[in-house]
Amino acid sequence: MDEVDEKAEQQAETGRRPNAEAPQLVRKEAKAPARATKGFYIQEKHAMAFDKLVFNQKQAKGKKAPELAEEAIKILLKKYGEDVKSL
């Protein structure tokens, strides 16, 4: 049993498969875009309303907080005449 475990560990370290011709399952991971942290102060009532929205979206399996914040920023930029096509 120890021999099998050692062989499995060696294969995992080297990334070598015992049968190189065997098909291998490759899962493509959907990666989120790179994001930056922006710190700013907002009123408590706005923060609570945003948290409530995030919670409701989480229950509905909807968008997450960063996606909701990005959507709000796009709407704000569009309102004030900024170009949002490249975002």
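For every chain, the first residue of the written sequence is number 1, and numbering continues from 1 along that sequence. Only residues with pLDDT of at least 70 are given local features in this predicted model, and only at 80 or more are side-chain atom pairs given and counted; all residues enter the totals for whole chains, interfaces and linings. To obtain the side-chain values, all non-hydrogen atoms of the structure were included, while hydrogens and water were left out.

Chemist: Account for helix α3 (residues 65-79), with residues named and values stated.
Modeler: With 15 residues, α3 ought to run about 21 Å at 1.5 Å a step, and its terminal C-alpha atoms sit 21 Å apart, in line with that. The first or second residue beyond α3 is Gly81, which carries a positive phi of 80°. Helix and strand definitions here come from DSSP, where helices need a minimum of 4 consecutive H or I residues and strands a minimum of 2 consecutive E residues; each element is numbered from the N-terminal end. A helix is expected to reach a length of 1.5 Å times the quantity of its residues less one.

Chemist: Would you mind going over the packing of helix α2 (residues 44-59) against α3 in detail, with residue names and values included?
Modeler: Relative placement of two packed helices is described by the angle separating their axes and the distance separating the axes. Fitting a line to C-alpha atoms yields each axis, with helices limited to the stretch in contact; the angle taken between N-to-C directions then spans 0 to 180 degrees. Between α2 and α3, the shortest axis-to-axis distance is 10 Å and the interhelical angle comes to 125°. Comparing their axes, α3 and α2 come out oblique. The element α2 and its partner α3 pack so that their crossing is right-handed. Contact with α2, carried on its side by Phe50, Leu53, Val54 and Gln57, involves Ala65, Leu68 and Ala69 of α3 and no other residues of that element. Class assignment for the residues of the contact of α2 with α3 results in six nonpolar, one polar and no charged. An angle below 35 degrees is treated as roughly parallel, one above 145 as roughly antiparallel, one from 65 to 115 as roughly perpendicular, and anything else as oblique. Left-handed describes a crossing whose near helix is turned anticlockwise from the far helix by less than a right angle; the clockwise case is right-handed. Contacts were defined at the residue level, with two residues in contact if any of their heavy atoms lie within 4.5 Å. Gly is put with the polar residues, along with every residue not named as nonpolar or charged; the nonpolar set is Ala, Val, Leu, Ile, Met, Phe, Trp, Tyr, Cys and Pro, and the charged set is Asp, Glu, Lys and Arg.

Chemist: Describe the pattern of salt bridges, with residues and values.
Modeler: A side chain with one charge can pair with a side chain of the opposite charge if their charged atoms come near. Here a salt bridge means any side-chain nitrogen of Lys or Arg lying within 4 Å of a carboxyl oxygen belonging to Asp or Glu. Overall, the coordinates contain two salt bridges when judged by the stated rule. Notably, a salt bridge pairs Glu70 with Arg35, separated by 2.7 Å at the nearest N-O pair. Of this pair, Glu70 sits in helix α3 while Arg35 sits in the loop between α1 (2-14) and α2, placing them 35 residues apart in sequence. Taking the relative accessible area as the measure of exposure, Glu70 reaches 33% and is therefore partly exposed. The buried label goes to any residue with under 20% of its type's maximum accessible area, the exposed label to any with over 50%, and the partly exposed label to all in between, with areas taken from a 1.4 Å probe on protein chains only. On the basis of relative accessible area, Arg35 is assigned to the partly exposed category, the value being 39%. Between Glu71 and Lys63 there is a salt bridge; the shortest N-O distance is 2.8 Å.

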